[in-house]
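# Observations on the three-dimensional arrangement
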4 protein chains.
Amino acid sequence: MAARLQTAVLGASGYSGLELAHLLARHPRTNAPLLFRRSAETVESALLPSIPGNGKTNGSRAVRPFSWSALKENGVDLLFLATPHAVSRELVPEAVARGLRIVDLSGAWRLKQEEHRAIYGFKDSSAQTAAELTERAVYGLPELKPNADQIPSAALVANPGCYATSIILALAPLLSAAVVDRDRGIISDSKSGVSGAGKEPTARTHFVSVADNFSAYSVFGHRHTGEILEQLELTSPEFTFTPHLLPIPRGILSTIYVYLNREMNVDEIESCLQDFYKGKRWVRIFPAPSLPEIQFSVHTNYCDLGFCLASDHRRLIIVSCLDNLLKGAAGQAVQNMNLMYGWDEAEGLE
Amino acid sequence: MAARLQTAVLGASGYSGLELAHLLARHPRTNAPLLFRRSAETVESALLPSIPGNGKTNGSRAVRPFSWSALKENGVDLLFLATPHAVSRELVPEAVARGLRIVDLSGAWRLKQEEHRAIYGFKDSSAQTAAELTERAVYGLPELKPNADQIPSAALVANPGCYATSIILALAPLLSAAVVDRDRGIISDSKSGVSGAGKEPTARTHFVSVADNFSAYSVFGHRHTGEILEQLELTSPEFTFTPHLLPIPRGILSTIYVYLNREMNVDEIESCLQDFYKGKRWVRIFPAPSLPEIQFSVHTNYCDLGFCLASDHRRLIIVSCLDNLLKGAAGQAVQNMNLMYGWDEAEGLE
Amino acid sequence: MAARLQTAVLGASGYSGLELAHLLARHPRTNAPLLFRRSAETVESALLPSIPGNGKTNGSRAVRPFSWSALKENGVDLLFLATPHAVSRELVPEAVARGLRIVDLSGAWRLKQEEHRAIYGFKDSSAQTAAELTERAVYGLPELKPNADQIPSAALVANPGCYATSIILALAPLLSAAVVDRDRGIISDSKSGVSGAGKEPTARTHFVSVADNFSAYSVFGHRHTGEILEQLELTSPEFTFTPHLLPIPRGILSTIYVYLNREMNVDEIESCLQDFYKGKRWVRIFPAPSLPEIQFSVHTNYCDLGFCLASDHRRLIIVSCLDNLLKGAAGQAVQNMNLMYGWDEAEGLE
Amino acid sequence: MAARLQTAVLGASGYSGLELAHLLARHPRTNAPLLFRRSAETVESALLPSIPGNGKTNGSRAVRPFSWSALKENGVDLLFLATPHAVSRELVPEAVARGLRIVDLSGAWRLKQEEHRAIYGFKDSSAQTAAELTERAVYGLPELKPNADQIPSAALVANPGCYATSIILALAPLLSAAVVDRDRGIISDSKSGVSGAGKEPTARTHFVSVADNFSAYSVFGHRHTGEILEQLELTSPEFTFTPHLLPIPRGILSTIYVYLNREMNVDEIESCLQDFYKGKRWVRIFPAPSLPEIQFSVHTNYCDLGFCLASDHRRLIIVSCLDNLLKGAAGQAVQNMNLMYGWDEAEGLE
């Protein structure tokens, strides 16, 4: 039997990093991952607040201060970055130079176009290196054809944003089939659980602020907009995206509104989705009139898609659900790892 | 000092009826309301499960089986119906014939156009009486001009639906100013707390089904669509409305998408809203870029409105919040009563 | 008509201070309160995150940096301190010297016995002044006889802790009647909503930490233990108190276990409670076998009491519920103000 | 490799049955289970409302009307009953007669003593058969010595109640070590998520009744009391148990109060727990002063135990947490199956 892969997770004390650590610990092809954090002190992951669905580990597992030498000494081949984008932007050049393969869960390397990167305000020490890496980075949404082809040989996989995954997977089949009236505009009204806002305690994530409440935020200005536009080849005025904060720990539901450019019926829509995702393990199409709900995909790596067609056969609503920490982050990162090493896409995710 | 008005509430054991009973019990112009239910047995309201925000009354208050004679004996002048629409449809003809004034919280009398009523499947004993009452019924949204003029003298006020109130109040100023590109379509993505689904225990309202979950329902088929179309004078293809179920007890937030028919700036939008609701006590306009959240209006009779304008000056998002049991039901019913009897719109609602 | 009282609230941006500001703004005997905070910058209370049940105020109201001169210029007679105990401990000596009357919502002045104060670690600039004020301070639980007698003339009222209020009110009648077997121990297993933990965002108050969770904390070490022991004249080994954190915004339920020193029946227990609270406006006794629930008292100033007696007529469980921000903090502070100025205990609280 | 075991689940549309179906479908030693319900109509489990943590199955799985012949035709060896106790009481005699082995998740066969069974009101068709089966039934709590010895050869395993599991596992080590002052009384103040109340929609499980609320129920009268008394060999006055309903979907936390009959220190308590559960896979002892929280054990088969000792070295509080649907029901049922067939206790549960 082949030797197991040695991985490391930097940022293992955040929600996505913790979820990733749990997935890798159970993955049949990998050793227990090395866990790192940017802070100078070592903490026991067993003492970290857990999130629903992740049992406290039975023995403790150290999350240690990050160092390149520790990676080398332990023979790490694949490094996951569950870090803020500025940290990923800073570390990836050296990591690639050291011959590591990388799955980066931040927004640092997802965008090809400068106009979309501006919102992140990256400060690169070498503009040329950054440009080269931007070119080489592969957007890690394996259900889309060009990505699926490039992931196996990629040195740097830019794992997609959680909202972006839910929206791109819903729209790609219809845009690919050229049945959308883009001039009338596409709208995604998206709702996310609180773990999407990160583990940092803030006034906005305080229980009393969230419970019994619901609110829109970052209207016309959310960072994921850029990657959605790029992947779907849309222009800014064609696409409107409104994120909202749900009083639940995890899960995303996007309600997506499109106008068709010709009259279609339910079977045609269903075929369009089914054909596009034929053989894709982690997308489920709900037969009309059933619709996905957040509970169905939480704690799984599925992106669930369903739809409703108006009686005018022109107005279409797609409902897309996923777990923001799995298909929207750590699960998709493992799915990308599986493809990078030639394993079955589902390994360690069932 | 003038004698206090005697009111009665039929359906006082439901959420809206209970909320109404509490408001009327504290109203400075009304006696303690008589409380009725359609069932044959008397229950103590003190034993009814309370909803958040409604303290258990100190001392019990009987909710008795309904009878016309009890209304007469107690000198009831105004009858509130917090009943299913079929019950309201059945009782209102006799109530009007007996000289009672009525505020009906159901959907029974809100719709003037037959095509919109079809979804309710009304079965009237006298089609002619029903037609006459339909004609006489006044839609009880007092912030709209024609309604405000007719409510004071109305015998039958059809209290608006909760979703409808949140949507109509958001859109009326812009449609009235004729700045909306109706051809591109108007979308309301609306989210409601569970009390909007009624007190009947069902698989859908079970705690385990709702908590940690979020789902769309009645897509392209919600009953409130008709009254929104009628009040805003829209055609069906111009308006899309998707309700969702939020894991919170009460509150509605509607995220409403419109395309403007000319470029506008933030000040123009704000003026449009401010001017339309000048002097209106129960609508609050949030200055951009602040947006209402459900917590701000819950347990109040306010409808809160805010908006965001895209940098293209064409795409506009309006966020509208209210408490589905107050401005969306019982509070608005009291507001209508105040106008019917010439009192200040805010009496008993602060 | 008498002139209205001018009050001020220091700490008006915390949960209790905000609730107090709302109550005072509506109180028929007081002017709008002056709102202060210890920080140097002025904020608009309208921009502060609201808590469920507190509507956003319609115009803004400034919360200004605190100064003694502002109190004097505005003729403030009564100062509410909704501040950390160290701040209250520091400010009260000067406030009393300036002739102000004070209701302090912190734990600074509740304790007469040094052994119970130790846990707070007070640092007084003048030990003698602190000792004198400790002597003069009146524990503001108006349902207990000695307090009720002293509050009207008190210069300094130490408003009780939220847990303490729920527990003392449950036990006082039985201990007063000397029917409790204190040797077998009294246990209060208490559960509180998250607003009791304050508005500071921490890992512990993060939505994801609280939702879908439940936990005990400060076992055998909660600060409120001292005031419970003092008010009920219990020794430490006789009383065990375990606080827990509930995934709800507000409300406390204490399940209290006592062994009776003789066999009693349900009627005797009920009489014991009813007699003790005869004429007390803000305590409700639930007739057996009905029990209070958190929903019944939230958003009210009531403390609700119910009980169950075992078939051995010896084991008694008392369930005590209240809203930690009202009867457990701001509501009780207003109740104390009412008594300090000779008004009806219920003014501004209904 | 050995042939896989064929199992069946009756009651597969309830919460415990659904959870069990998911566990068995993934178990390495069993075929996909046959799923049955008592109703005459077949439903697709994929259409059943899911609970958090249970993804919708990919592809539907029929839950068919129950018949003995279907069991026989499919070679079922082990039958799980996730049925109401009356149904289990009725079916088990025939199942045993047919040579099936049974794990019953209801309360039908847990109790040896008539006085404890009375509360269930069993109606047996043959009193003699019922008495024989009562004698043969093994209480399925494998961490207790006598049970562990008998489970491997048992024909009928009575799977413990969820509350009972959390309480018995916490108290067994201390009672076994005879360090508890039983005369002073043992108290368990227990709190459960709503799935423990079953899937039937009732006024009590309605979202609006549960959310933002907390309440005690079945005080001095909960059915699990009998099995706790029997397993721990306690008399009724020695043990007080109060269940409460938490506004969360799943999880139990019991706060258990005991008085020690001699002074002990923290290390002695910890050793007492550690020694008792040495080698037991599914009990975790938290080192003092850390305490388990519901989040740590939810979605796992662990029972987590922690404790606090008062400074008087006499008062001890044990906190016990588990997932009511796993270690409290379906997980423990699989653990029992593992022991019945000589497999590792952890198979299919990690």
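## What about helix H9 (residues 224-232) of chain B?
- Judged by how many residues are buried, H9(B) sits mostly within the fold: 8 of 9 residues are covered.
- Residue Glu233(B) follows H9(B) closely and has a positive phi angle near 55°.

## Things to note about the packing of helix H1 (residues 15-26) of chain B against helix H12 (residues 326-340) of chain B
All names here are of chain B.
- Where H1 contacts H12, the axes come no closer than 9 Å and their chain directions differ by 40°. On the basis of the axis angle, H1 is oblique to H12. For H1 against H12, the interelement crossing comes out right-handed. Of the residues in H12, those touching H1 at Ser 16, Glu 19, Leu 20 and Leu 23 are Leu 326, Ala 329, Ala 330, Gly 331, Ala 333 and Val 334.
- For the contact of H1 with H12, the per-class residue count stands at 7 nonpolar, 2 polar and 1 charged.

## Quick notes on the domain arrangement of chain A
All names here are of chain A.
- Domain annotation of chain A identifies domain 1 (7-160 + 328-340) and domain 2 (162-324).
- With centres defined by C-alpha atoms, the gap from domain 1 to domain 2 works out at 25 Å.
- Facing the 23 residues of domain 1 at the interface are 28 residues of domain 2.
- Grouping the amino acids of the side of domain 1 that touches domain 2 by side-chain chemistry returns 11 nonpolar, 9 polar and 3 charged.

## What to know about the interface of chain C and chain D
- In this complex, chain C contributes 33 residues to the contact, which on the side of chain D involves 34 residues.
- At the level of elements, strand S9 (186-192), strand S10 (215-216), strand S11 (239-245), strand S12 (252-259), helix H11 (294-297) and strand S15 (315-322) of chain C are the ones that each hand at least two residues to the side of chain C that touches chain D.
- The dominant element in the side of chain C that touches chain D, judged by the number of residues it contributes, is S12(C), at 4 residues.
- Looking at the side of chain C that touches chain D residue by residue, the classes come out as 19 nonpolar, 7 polar and 7 charged.

## Notes on the relation of the copies chain C and chain D
- When chain C is fitted to chain D, the residual RMSD is 0.0 Å, and the transformation amounts to a turn of 180° plus an axial shift of 0.0 Å. Classification of the inter-copy transformation places it as that of a two-fold axis. Within chain C, Arg184(C) has its C-alpha nearest the rotation axis, a separation of 2.8 Å.
- Taken together, the interface assignments show that 100% of the residues at the interface of chain C recur at the interface of chain D, consistent with an identical surface on both copies.

## Focus on the interface of chain B and chain A
- Facing 33 residues of chain B, the contacting portion of chain A comprises 34 residues.
- The residue makeup of the side of chain B that touches chain A, split by class, is 19 nonpolar, 7 polar and 7 charged.

## Some words on the sheet that holds strand S11 (residues 239-245) of chain D
All names here are of chain D.
- As summarised here, the arrangement of the 7 strands in space is S10-S11-S9-S12-S15-S14-S13, forming an open sheet in which the pairing is mixed. Edge positions in the open sheet fall to strand S10 (215-216) and strand S13 (283-285), since each of these has one partner strand only.
- The pairing of S10 with S11 spans 2 bridges and is classified as antiparallel. The residue of S11 that forms the bridge with Ser 215 is Leu 245.
- Helix H7 (residues 162-176) contacts strand S9 (186-192), S11, strand S12 (252-259), S13, strand S14 (303-309) and strand S15 (315-322) of the sheet and is inclined by roughly 35° relative to S12.

Criteria and thresholds
- Residues numbered from 1 in each chain as written.
- Chains lettered and ligands numbered in written order.
- Predicted model: local features only at pLDDT ≥ 70, side-chain atom pairs only at ≥ 80, totals over all residues.
- Buried ≥ 20, exposed ≤ 12 C-beta atoms within 10 Å, placed from the backbone.
- Helix = DSSP H or I, 4+ residues; strand = E, 2+ residues; numbered from the N terminus.
- Axes fitted to C-alpha atoms, helices over the stretch in contact; angles between N-to-C directions.
- Parallel < 35°, antiparallel > 145°, perpendicular 65-115°, else oblique.
- Left-handed = near helix turned anticlockwise from the far one by under 90°.
- Contact = placed C-beta atoms within 7 Å.
- Nonpolar A, V, L, I, M, F, W, Y, C, P; charged D, E, K, R; others polar.
- Domains from an automatic or database assignment.
- Least-squares fit on C-alpha atoms with pLDDT ≥ 70 in both.
- Pairing = 2+ DSSP bridges.

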